[in-house]
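# An overview of the molecular structure
Chain by chain, the residues:
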Amino acid sequence: MHIVVGAQWGDEGKGKIVDYLADRADWIVRYQGGNNAGHTVIIGSETFKLHLVPSGICRGKKSALGNGVVVNPVALRAELEALHARGIDTAGKFFVSNRSHLILQRHLQQDGSQEAAREQKVGTTGKGIGPAYMAKIERVGVRAGAWQQADLTDEEREAMAFLAPYLGDTVHLLHEALEAGQTILLEGAQGTFLDVDHGTYPFVTSSNCSTGGACTGSGLPPTAVQTVTGILKAYTTRVGNGPFPTELTDATGSYLQEKGREVGVTTGRIRRCGWLDLVMARYARRLNGVSEWAITKLDVLSGLETIQVCTGYRHQGRLLESYPADSALLEAIEPVYESLPGWGEDLSHCTRYAELPAAARDYLALIEDYTGAPNRYISVGPERDQTLIREV
Ligand code: IMP
């Protein structure tokens, strides 16, 4: 069993790496979040934008939404129908946990009104995620398996009737698969710093995106975990509000935004961009037990004369020892930067690690040295084969 987890604020490029790793997996399972997520997968000339269904489905793999996921039945039905229209078969291959909770019309309305009433806006995706999890924790939620006894709108009821063949006990199915020696890939949505416990609270989502959530959200035990692949974009982005120590609001920020096409898949919002923050990366390595990194979008940094990397947080003249719990403190810290020479070469055609320019390799080496985890995959473009693999 393997876990893929985002090490920043989401949008690290997990979709592409999951798609890549899915090749060797039998099952791909989402463990938290809902259709606030967005994955873009490019296969040949086809682009798939998925919000709920794991991208492995495009490769004919079995996939599941675990018990920790919140499911908007109307949105899921639409996503499945769009896949069917493109010839992707989901019968007997896609499963929805009967323990997952439903996002209903009332949760969507509540998300909007709560956000409007908040003094400090979180900038939610407006998909009803928070209210659906609130209902779950409050023990008044609707589990997918109990839809027939619940108070649903006609549209939701029709969507659930469509989804009924996909409902099942995914905990049982996944344990059977594990015991049969099959490989399970657990796919986190959002990222470590959007985790409701470990992220930049209250500017977070309402679930545990970090690897702890992978076990509770799938019913699979921590002893089954073999590797944890942390996805780290070569720079940092954030959508929505909240502290962002290395944010660039200058021309370099716009350069990253445009070159990296940093626009939210779910909301169409422009992503805030900034330098790589290794304080975050090291903390993410610890929290998630990252055993290897997949560094994404390294190609986007080509053409910058100097690249800055944050290696410390200073507050009132002193370096912080641990990652601050307080978002107000995080707003007030001063990032400590290390400057590295950039490179001009286009990396998108590199096929081997050794082909990368020396400056790019130095940049990657700094990530390893600082975080203590090896860079196993380096992504240099959106295509599946634009992934360099390093034996570590
Ligand atoms: P919510 O998950 O819709 O409640 O939004 C809470 C915060 O998480 C907001 O800042 C969103 O922009 C952010 N967020 C939610 N899903 C994603 C995602 O998939 N990528 C990046 N940010 C996300």
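Remember, it's a predicted structure, so these values are computed and weren't measured experimentally.

Calculation notes
- Residues numbered from 1 in each chain as written.
- Predicted model: local features only at pLDDT ≥ 70, side-chain atom pairs only at ≥ 80, totals over all residues.
- Heavy atoms only, no water.
- Near = heavy atom within 4 Å.
- Polar contact = N/O pair within 3.5 Å; in protein donor to acceptor, adjacent residues only side chain to side chain.
- Areas by Shrake-Rupley, 256 points an atom, 1.4 Å probe, with all protein chains shown as cover.
- Pairing = 2+ DSSP bridges.
- Helix = DSSP H or I, 4+ residues; strand = E, 2+ residues; numbered from the N terminus.
- Buried < 20%, exposed > 50% of the residue type's maximum accessible area, 1.4 Å probe, protein only.

Bringing the site of the ligand into the picture now. Around the ligand, 15 residues are found, and the nearest of them are Asp11, Asn36, Thr125, Thr205 and Arg269. The backbone of Val122 places a nitrogen or oxygen atom 3.5 Å from an oxygen atom of the ligand. Within the complex, the protein chains bury 96% of what would otherwise be the 470 Å² of accessible surface of the ligand.

Attention now moves to the pairing of strand β5 (residues 62–65). Direction of pairing for strand β2 (residues 27–30) relative to β5: parallel, over a ladder of four bridges. When the bridges of β5 are listed, Trp27 appears paired with Lys62. The sheet contact formed by β5 and strand β7 (residues 94–97) spans three bridges and is parallel. Considered in β7, the bridge of Ser63 is made with Phe94.

This part covers the pairing of strand β10 (residues 184–187). By the alternation rule, side chains of β10 split into Ile184 and Leu186 and Leu185 and Glu187, which are all buried. Inspection of the sheet shows strand β1 (residues 2–6) paired to β10 by three bridges, in the parallel sense. Across the sheet, Ile3 pairs through a bridge with Leu186, a residue of β10. Direction of pairing for β2 relative to β10: parallel, over a ladder of four bridges.

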